[in-house]
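# Coordinate analysis (summary)
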Amino acid sequence: MSRYILKRLLQGIPLLFFISLILFLLMMNVGDPVATLGGRRVTRKADYERLRRQLGLDQPVYIQYAFWLVGNDWTKTDLDGDGIAETSGTRRGVLRGDFGVSLLNRKPVLEVIGERLPNTLILMLASEIVIILGALLVGVYSALRQYSAMDNLITTLLFIGYSMPIFFIALMSMYLFAVLFKRWGLPYLPTVGMFDPQAGKTTMQVLWHMVLPVTSISIISFAAYSRYIRSTMLEVMGQDYIRTAKAKGLQRREIVFVHALKNAALPIVTVVGLDLPLLLGGAVVTERIFAWPGMGRLFLDHVDRVDLPVIMGILMLVAMAVVVFQILTDIVYAWLDPRIRYEK
Amino acid sequence: METTRQASHVATLLPDELDTPPFSLGQLVWRRFRRHKMAMFGAVVMILLFVYSFGGSLVFPESYANFADTSLRLSLPSAQHPFGTDTIGRDVMARTIYGGQISLFIGMLAVLIECIIGITVGALAGYYGGFVDSILMRITEAMLNIPEIFLLIVMAKFFGGEIPEIDLFGRTFSGSVVVIVLIIGLTSWMYLARIVRAQFLSVKENDFILAARATGTSTREIIFRHILPNSIAPIIVSATLGIANAILAEAYISFLGLGVQPPTATWGNMLDGANNYLESAPWLWFFPGLLILMTVLSINFLGDGLRDALDPHSRAV
């Protein structure tokens, strides 16, 4: 087992190198960071050149990539433009945990991301819990009543949920629960932000503001999970050990929830494990609609201003999370399901 | 007596004595598809959506869709403007008609690019294996490890910038349409490549491929005439569902303001800024949103029906 984990980790490293290379090449043309720096326009050509030099943008791509990867504190760079490298670098490189500083506010990238990460995590983990619980409930129900009218209705509704663009469900739920409820004099839900500035950032405020985003995210992701549970549940219910449990006279409830569900829910570990890192990136569109100050919005804001270190930082963290979670998922799955053995 | 009757019974089952010839593959698929109620529903809705977007242009000229009557800004749906008017007084219904053309067009063209890249990568990796396979699959895996929406945003920026307008069929389109088609194609081929690769890996082990090779058939012919047609079912299903994903991707990226630029309308960019009119003008976002939902839903139904109908293991007739 430990050999298998080691092997997977070793495979992950070149993959991440490769991803970083692709992304870095893409970064070369997403815009000119100097042109939008700090919201001011740099008009003089000399200033422009100087800024590019200071940001290291005058270097060829492969040198920029090398500096990003391993830092430049081992070499000297030319800052005054006289052709002689005289200033020693200060960057330590991604490999030593330095993702650089944001071009906008000179704060370290990890700090900028760190400020937003918890906001995304609470939104996404809450959604994931709602999704899993709801999917277990609906999946089991429709599996036990396969092809009943209710099962067919659920299947149709799930299809609609699955096809629903997130912005449409978000806008509709905002319209219903905020605009119309307000108009009808009912208690209404807040639509944007994380808390009411007047009330302050209290737990209740955050929870109250989470209701609509969590509902929207859950509705669209819920369908795939439920379908999955339904099919694994149907498969498990046909197994011999379920027949044995029935034959020895166990109660139906016990058979369903203890014997069947435990085994049917197991494969969902894979789905959750592969979905979780994507949640880290946040639902970019959802956060935009609900003005939720998370990673997705951070990404959009910094893409607009061509803040390359922050964009690269977010993308690499998400990619790393995907790779790590894939390995973790395999390990956890093998641990939960003793039939699976990873040799080699 | 008993035996002769049985014998004659068997005899009537011989193929050359059947009243009707056995079904061809196409007939079989059609019969199974027709029985799939949801898929038929999807097909009908899809046809209606095409009639709406393309037939609608016979009723409203394009100049009407782009005509801004500033005295009628944000007016409620009425007999004259069934879907209301937008922020600068354009008719929303006419814009959903022309927007639908572009959205459907982007969906289909992006899938064409997706198929070209995906099938090429998958076929090369699956057929040649070894070094080619590991390089191509590493690229595929690397692309899959970055969530699609991030890739779309970065690529939209990468290929964005100043793009000249295009004149086609006497109409002017924003050049960003081409960019969007390209980036959606470039960010969506990975799953298809994996499917095609898996198909190639299994089909190429068959004896008829060995026979083709033994008779000196060229590699190109083996790939395109022998293996590809035998792998076509999952490709068709995946491409059909791909149209829904492409239309959604266009909507997401346009919603973020990075997609097709006005005045060319798409269902996606009609939603850009709809947030600000959540309360005051819900018709701005409701109709384009509903059309996107109907399109995606009917394509998903269609894809599901095709998957069942094309399944070679299915015995249903």
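Just above sits the structure.
First, a word on what this report is: a plain description of the structure on this page. (Residues numbered from 1 in each chain as written. Chains lettered and ligands numbered in written order. Predicted model: local features only at pLDDT ≥ 70, side-chain atom pairs only at ≥ 80, totals over all residues.)

### Here we look at the overall build of chain B
Scanning chain B from terminus to terminus reveals 13 helices and two strands. For chain B, the proportion of its 317 residues judged to be buried stands at 42%. Within chain B, contacts between residues at least 6 apart in sequence are counted, and of these 70% link residues at least 24 apart. (Helix = DSSP H or I, 4+ residues; strand = E, 2+ residues; numbered from the N terminus. Buried ≥ 20, exposed ≤ 12 C-beta atoms within 10 Å, placed from the backbone. Contact = placed C-beta atoms within 7 Å.)

### Observations regarding the overall build of chain A
The helix and strand tally for chain A stands at 13 helices and two strands. Since a compact globule built from 344 residues should have a radius of gyration of about 20 Å, the 26 Å found for chain A marks it as more spread out than a globular shape. Taking the principal axes of the C-alpha coordinates as reference, chain A spans close to 90 × 65 × 30 Å. Expressed as a percentage of the 344 residues in chain A, the buried residues total 30%. Contacts in chain A between residues far apart in sequence, at least 24 positions, make up 65% of those at least 6 positions apart. (Rg over C-alpha atoms; globule rule 2.2 N^0.38 Å.)

### Here's the deal with the interface of chain A and chain B
Interfaces are frequently sized by the accessible area removed from exposure as the parts join. Counting residues at the interface gives 34 residues for chain A, matched by 32 residues for chain B. With six residues, helix α6 (residues 166-183) of chain A is the single largest residue contributor to the side of chain A that touches chain B.

### Regarding the environment of I153 of chain B
Relative to the helices and strands, I153 of chain B is located in helix α7 (residues 148-159). C-beta crowding within 10 Å serves as the criterion here: with 22 such atoms nearby, I153 of chain B is assigned to the buried category. In sequence terms I153 of chain B and L258 of chain B are 105 residues apart; their C-alpha atoms lie 7.3 Å from each other. Leaving out residues up to four positions away in the same chain, I153 of chain B has contacts with V303 of chain A together with L256 and L258 of chain B.

### With respect to unusual backbone geometry
Residues and elements named next belong to chain A. Of note, the phi angle at A291 is positive, near 50 degrees, even though the residue is not glycine. Within the secondary structure, A291 sits in the loop between α11 (284-289) and α12 (295-304). The phi angle at V306 is positive, at roughly 50 degrees, despite the residue not being glycine. On the secondary structure map, V306 appears in the loop between α12 and α13 (308-336).

### Let's talk about α7 of chain B
Here α7 of chain B is twelve residues long and its end C-alpha atoms lie 16 Å apart, about the 16 Å a rise of 1.5 Å per residue gives. Taken across its twelve residues, α7 of chain B has nine buried, putting it largely inside the fold. I149, F150, L151, L152, I153, V154, M155, A156 and K157 of chain B are the residues of α7 of chain B that are buried. Contact partners of the buried residues in α7 of chain B: α1 (2-27), α11, α12 and α13 of chain A together with α8 (176-188) and α12 (232-255) of chain B. (Expected span 1.5 Å × (residues − 1).)

### A closer look at the environment of Q239 of chain A
Turning to its location among the elements, Q239 of chain A is positioned in the loop between α7 (203-237) and α8 (240-247). Taking the C-alpha atoms as reference points, Q239 of chain A and A260 of chain A, separated by 21 residues in sequence, lie 9.1 Å from one another.

### Observations concerning α8 of chain B
Residues and elements named next belong to chain B. With 13 residues, α8 extends 18 Å between its outermost C-alpha atoms, agreeing within 8% with the 18 Å of an ideal straight helix rising 1.5 Å per residue. Across the 13 residues of α8, ten count as buried, placing the element largely inside the fold. Taken residue by residue, α8 has S176, V177, V179, I180, V181, I183, I184, G185, T187 and S188 as its buried positions.

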